[in-house]
Amino acid sequence: MNWSRYSILHLCTPNGGTAATTYTDELVMGSLFVAGNDMQEQDGKVNYRAYQVFGRSEDRQAYTFHLFDSFGANPASPAHGSWKDNVLNLEQDSYTASYLLPLS
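First things first, this report covers the structure right here in the doc.

Conventions used here
- Residues numbered from 1 in each chain as written.
- Predicted model: local features only at pLDDT ≥ 70, side-chain atom pairs only at ≥ 80, totals over all residues.
- Heavy atoms only, no water.
- Phe/Tyr/Trp six-rings, centres within 6.5 Å; stacked < 30°, edge-to-face > 60°.
- Helix = DSSP H or I, 4+ residues; strand = E, 2+ residues; numbered from the N terminus.
- Buried < 20%, exposed > 50% of the residue type's maximum accessible area, 1.4 Å probe, protein only.
- Pairing = 2+ DSSP bridges.

One pass over the structure, following the stated rule, counts 3 aromatic pairs. Ring geometry for tyrosine 48 versus phenylalanine 71: centroids 4.8 Å apart, planes at 50°, classification tilted. A residue pair is termed long-range when its members are at least 10 positions apart, and tyrosine 48 in strand S4 (residues 45-57) and phenylalanine 71 in the loop between strand S5 (62-69) and strand S6 (79-84) qualify at 23 residues. For phenylalanine 71, a relative accessible area of 62% puts it in the exposed group. Ring centres of phenylalanine 54 and phenylalanine 65 lie 4.6 Å apart, and the angle between their planes is 35°; this geometry places the pair in the tilted category. Placement of the pair is phenylalanine 54 in strand S4 and phenylalanine 65 in strand S5, with a sequence separation of 11 residues. Judged by its relative accessible area of 24%, phenylalanine 54 is partly exposed.

Spelled out as structure tokens, the structure:
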């Protein structure tokens, strides 16, 4: 299963403006993981790319999130977390994030 998303972001940078981001996700490795590619464009040029993998660690009984991006600020270890309702709460050594994923 593959799916795509698209968004317009208002950038919090000195130059401001907007950027268009295309997200492409797919189930991989026998549907054990979701792998995603993000590509952000501003003024017709790609200015950011990211690759992420969502999965589940049975050893830790937690969901995992690995992020690799073109800025090179990639964490040394994945974020781990759990679901509460339709929110995936993830924690990593350097950040805490919540992802609201509308499910039906």
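Right, picking up where we left off after that structure.
Bridge count between S4 and S5: 8 bridges; the pairing is antiparallel. Within the sheet, the bridge partner assigned to serine 57 lies in S5 and is alanine 62. Where S4 folds back on S5, the antiparallel hairpin that results is connected by 4 residues, among which glutamine 61 adopts a positive phi of roughly 50°. When S5 meets S6, the two strands line up antiparallel, connected through 3 bridges. Its bridge partner being in S6, threonine 64 is matched across the sheet by histidine 80.

Attention now moves to the pairing of strand S3 (residues 33-42). Direction of pairing for strand S2 (residues 18-28) relative to S3: antiparallel, over a ladder of 9 bridges. Note on S3: the bridge partner recorded for threonine 24 is asparagine 37. Following S2, the chain reverses through 4 residues before pairing antiparallel with S3; methionine 29 in that reversal takes a positive phi of roughly 55°. Where S3 lies against S4, 9 bridges are found, and the strand directions are antiparallel. Counted as the bridge partner of glutamine 40 is tyrosine 48 from S4.

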